[in-house]
Amino acid sequence: MSFYDQLQSETALERNAFLSIPLIQSTILRGATRELYVDFLTQAYHHVKHTFPLLALASARTHNEAYQDALVEYMEEERGHEKWILDDIRAMGADADAVRTGKPGQACQVMVGYTYYAVERISPYAMLGSVHVLEGMSTMLADKAADAIQSALTFPGNTGFSYLRSHGALDIEHVAFFKTLVNAIPQEAHAVIIDTSKIIYRLYGDIFRELSQRHPGWRDAA
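Since we're looking at a predicted model, the values are computed, not measured. (Residues numbered from 1 in each chain as written. Predicted model: local features only at pLDDT ≥ 70, side-chain atom pairs only at ≥ 80, totals over all residues. Heavy atoms only, no water.)

### With respect to the overall build of the protein
For the protein, the helix and strand inventory stands at 13 helices and zero strands. The helix and strand sequence of the protein, counted from the amino end, reads α-α-α-α-α-α-α-α-α-α-α-α-α. Since a compact globule built from 222 residues should have a radius of gyration of about 17 Å, the 17 Å found for the protein is in line with a globular shape. Based on the C-alpha atoms only, the size of the protein along its principal axes is roughly 50 × 35 × 30 Å. Classification of the 222 residues of the protein by burial places 52% in the buried group. Taking as baseline every contact in the protein between residues at least 6 positions apart, the subset at least 24 positions apart corresponds to 83%. Here the protein displays about 10,500 Å² of accessible surface, and carbon together with sulfur accounts for 52% of that area. On the protein, the mean spot of the 19 positive side-chain charges and the mean spot of the 27 negative ones are 7 Å from each other. (Helix = DSSP H or I, 4+ residues; strand = E, 2+ residues; numbered from the N terminus. Rg over C-alpha atoms; globule rule 2.2 N^0.38 Å. Buried < 20%, exposed > 50% of the residue type's maximum accessible area, 1.4 Å probe, protein only. Contact = heavy atoms within 4.5 Å. Areas by Shrake-Rupley, 256 points an atom, 1.4 Å probe, with all protein chains shown as cover. Lys, Arg positive; Asp, Glu negative; His and termini not counted. Charge placed at Lys NZ, Arg CZ, Asp CG, Glu CD.)

In C-alpha cells:
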C-alpha cells in the first residue's frame, strides 16, 4: 500500500465526519443564500491568504531538498489566490475591502493558528496534512457547491464563483501532484501527516459548523 492510500484509509473516519456536516450536505443539494455564501468566502479569504506564507515557512524549515522544491512549486501556484475570493465577494455586492481589513470567525483563526504551530513546532511535513484536507475537499466539493449555489442565486455565468470554479479544476491537478509528493516522503514523517490531517478535518469542519450557527436560516431551505 502506498503512503497516499494509507493516508486516505487512516483519515477516512475524519473525512466522513466532515462530509456529513449538515450545512455541507444541504449546500451541495440546495445551494445557499447570498449572505451565507459571502460569509463562506470571507472565511476562505482569511485562511487562503495564509497558504503562501505557510508553504514558505515549511520550505524554510525543511532540510529535504526534494520536499522544498515541491513546496516552492506549490507557492508559485497558490500565490495571489485570495484576490480571486475578494473579486467574488465584490461580484456578490458585498464589501471586499471590509473583508480584507477585517478578521475571520474564531474557527478560522484556530485552524490557521494551529497550522502555523504544527509547521513551526511539530514538523514542516505537517503542511502536507493541511494540503491533503483542503485540496482534497475542494476537488470533491467545489464544483458541486458552485453549481448548487449559482442555481439557488440565479446568477448568470460564473460571475462571483471564480474561486470555487478554479479550485475545483486546479486542485484535481494538485491532488495528482500531491500523491506523487507524499509517496516520496520519508517514513518517519508519515505519522505527522496523518495526525495533522485528522486535526485539520476537525478544525476545517468547525468553520462550517460556525457558519451554520451564524446563519440558522439555512435549515429552512433544507
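### Topic: the nonpolar core
Judged by nonpolar contacts, the single largest core of 45 residues is most densely connected at F18, Y37 and L164. Elements represented by at least two residues in this core include exactly α3 (22–30), α4 (34–48), α7 (81–91), α8 (96–101), α9 (106–122), α10 (126–153), α11 (162–183) and α12 (190–214). Of all the elements, α10 adds the most residues to this core, at nine residues. The residues touching F18, leaving out its near neighbours within four places in the chain, are I24, M137, L141, Y201, Y204, G205 and F208. Formed by 25 residues, the second largest nonpolar core is a distinct cluster that contains Y4, L57, L71 and V119. (Core = buried A, V, L, I, M, F, W, Y, C linked by side-chain atoms within 4.5 Å.)

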